[in-house]
Amino acid sequence: MFHAGRAFTLALLLLVSGVLLVGLPGCDTPEKALKSTDLEYKKAKAISWYKKKEYYKAIPLLEELIGLMKGRESTEDLYYMYADANYHQGDYLISAYHFKNFYDLYPNSEKAEECLYMYAKSYEMLSPKPDLDQTYTQKAIDAFQLFLNAYPNGSFITQSNEAITNLRKKLERKALNTAELYYRTSNYRAAAVSYANILKDFPDIEQREMVTFMIIKSYFEFADNSIPDKKAERFDETIKSYAEFKDKYPQSKYLPDADKLLAQSHFLAVQSAYEWTEIGPLDQRGTYFNTFLDEVKKHSPLITDKRETNQMTQYVEKGYY
């Protein structure tokens, strides 16, 4: 009996203690604050949680307060906290929207500059690895550029320029990966176009010399894997890209390999033109042979390999025969 009474008393004390704990301010929850009709209480709790970096607690309350107080009193500070809390909570798409909206709503606010910068920063945080879609990377670049245009002497100039540099490098890497993938999968025409676009889109890219050389390689492989009817004109594209490469990089480490591709292109252009005279439609072979002779005249002065020269001579003799 003694033990039963003692157990009952202990249970009663624990129950009372639990009730008291629930009533303490430190045990306030977002759910309790949201149910309250006391606007000042809600506001105090939201600010308190924000300052304590308990953003997940502050966010729903701040969101409600902004709606409740709209048109009654300024929500500028609360709106800033709401955007900032979402950023620190990792909800960058939401923070990007609200930081930009804050800037648009309060362009004269002392926090307007910071919010426009954080708008860009939010998109930067959404920027993925180079092998993934780079939509948010481009959005971040555009947002940082918007900030630089709005605040050319602002407090975040250095950070913005560094961010743009890093983000553009990511776009460069993505473009390089795409071109390399095209080349590895034998999609040589797409590779050549992709490498050429890299030079246009990123004129200051560090790998510019290598990219220019890869244009030659891509066009060579594209020509070499084409049907005979198209080979000659496509080898001409290889030769043209070689001339541009050598003009820009006369001392390049890639020049020996480029020279080999050039030499092969001259001979293969002639060879492919001759092959087409043999397999093309019979009623057009005279025309094809004249085209072949044009290729001989164009390329023979540049073919120096003795074996290839002899082979070309045989093609001419067989053609006339």
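Details of the structure are given in the entry above.
The model shown is predicted, which means the values in this text are computed figures rather than measured ones. (Residues numbered from 1 in each chain as written. Predicted model: local features only at pLDDT ≥ 70, side-chain atom pairs only at ≥ 80, totals over all residues. Heavy atoms only, no water.)

A. Quick peek at the overall build of the chain. On a plain count of helices and strands, the chain comes out with 15 helices and zero strands. Within the chain, contacts between residues separated by at least 24 positions form 53% of all contacts whose residues are at least 6 apart in sequence. Looking at the chain as shown, the accessible area adds up to about 18800 Å², and 54% of this sits on carbon and sulfur atoms. (Helix = DSSP H or I, 4+ residues; strand = E, 2+ residues; numbered from the N terminus. Contact = heavy atoms within 4.5 Å. Areas by Shrake-Rupley, 256 points an atom, 1.4 Å probe, with all protein chains shown as cover.)

B. Representation of the side chain of Thr75 in the model. With respect to the secondary-structure elements, Thr75 resides in the loop between α4 (55–69) and α5 (76–88). When sequence neighbours within four positions are dropped, the list of residues in contact with Thr75 reads Ile66, Met69, Lys70 and Tyr106.

C. Fine view of helix α6 (residues 92–105). The terminal C-alpha atoms of α6, which comprises 14 residues, lie 19 Å apart, in line with the 20 Å expected from a rise of 1.5 Å per residue. Taken together, the buried positions of α6 are occupied by Tyr92, Ser95, Ala96, His98, Phe99, Phe102 and Tyr103. Contacts from the buried residues of α6 go to α5, α7 (112–126) and α8 (135–150). (Expected span 1.5 Å × (residues − 1). Buried < 20%, exposed > 50% of the residue type's maximum accessible area, 1.4 Å probe, protein only.)

D. Expanded view of the packing of aromatic side chains. Under the definition given, this model contains 18 aromatic pairs. An aromatic cluster of three or more residues is present, and its members are Tyr103, Tyr117, Phe144, Phe147, Tyr151 and Phe156. Over the face of the ring belonging to Tyr80 we find Lys111, whose NZ or CZ atom lies 4.3 Å from the ring centre. (Phe/Tyr/Trp six-rings, centres within 6.5 Å; stacked < 30°, edge-to-face > 60°. Lys NZ or Arg CZ within 6 Å of the ring centre and 35° of its normal.)

E. Molecular detail of the nonpolar core. One finds Phe99, Tyr195, Ile198, Phe213, Phe245 and Phe292 to be the most contacted residues of the largest nonpolar core, which totals 91 residues. The leading source of residues in this core is helix α13 (residues 255–279), at ten residues. When near neighbours in sequence (up to four residues on either side) are disregarded, Phe99 contacts Tyr80, Ala83, Asp84, Tyr87, Cys115, Met118, Tyr119 and Ser122. (Core = buried A, V, L, I, M, F, W, Y, C linked by side-chain atoms within 4.5 Å.)

F. The arrangement of the environment of Ile164 in detail. Within the fold, Ile164 resides in helix α9 (residues 157–184). Residue classification places Ile164 among the buried residues on the basis of a relative accessible area of 12%. A sequence separation of 24 residues divides Ile164 from Ala140, and the C-alpha atoms of the two residues are 8.0 Å apart. Sequence-distant contacts of Ile164, that is, excluding residues within four places in its chain, are made with Ile141, Phe144, Gln145 and Leu148.

G. Molecular detail of the side chain of His299. In this structure, His299 sits in helix α14 (residues 285–299). Taking relative accessible area as the criterion, His299 reaches 2% and is therefore assigned buried. Aside from chain neighbours lying at most four places away, what touches His299 is Asp236, Ile239, His266, Ala269 and Val270.

H. Structural detail: the packing of helix α10 (residues 188–201) against helix α11 (residues 208–224). Running from N to C, α10 and α11 point in directions that differ by 155°, and their axes come no closer than 8 Å. Taken together, the axes of α10 and α11 are roughly antiparallel relative to one another. Handedness of the crossing formed by α10 with α11: left-handed. Along its contact with α10, which presents Tyr188, Arg189, Ala191, Ala192, Tyr195, Ala196, Ile198 and Leu199, the element α11 presents Arg208, Val211, Thr212, Met214, Ile215, Ser218, Tyr219, Glu221 and Phe222. Class assignment for the residues of the contact of α10 with α11 results in twelve nonpolar, two polar and three charged. (Axes fitted to C-alpha atoms, helices over the stretch in contact; angles between N-to-C directions. Parallel < 35°, antiparallel > 145°, perpendicular 65-115°, else oblique. Left-handed = near helix turned anticlockwise from the far one by under 90°. Nonpolar A, V, L, I, M, F, W, Y, C, P; charged D, E, K, R; others polar.)

I. Structural detail: the pattern of salt bridges. Taken as a whole, this structure holds nine salt bridges when the rule is applied. We note a salt bridge from Arg173 to Glu180, for which the minimum N-O separation is 3.2 Å. Since its relative accessible area comes to 31%, Arg173 is described here as partly exposed. For the salt bridge of Asp236 with Lys298, the shortest nitrogen-to-oxygen distance reads 2.9 Å. On the criterion of sequence distance, the pair formed by Asp236 in helix α12 (residues 228–248) and Lys298 in helix α14 is long-range, its members being 62 residues apart. Each member of the salt-bridge network shares a partner with another, and the members are Asp236, Glu295 and Lys298. (Salt bridge = Lys/Arg side-chain N within 4 Å of Asp/Glu carboxyl O.)

J. Molecular detail of α12. The end-to-end C-alpha distance of α12 is 31 Å, a good match for the 30 Å that 21 residues give at a rise of 1.5 Å each. Taken together, the buried positions of α12 are occupied by Pro228, Lys231, Ala232, Arg234, Phe235, Thr238, Ile239, Ser241, Tyr242 and Phe245.

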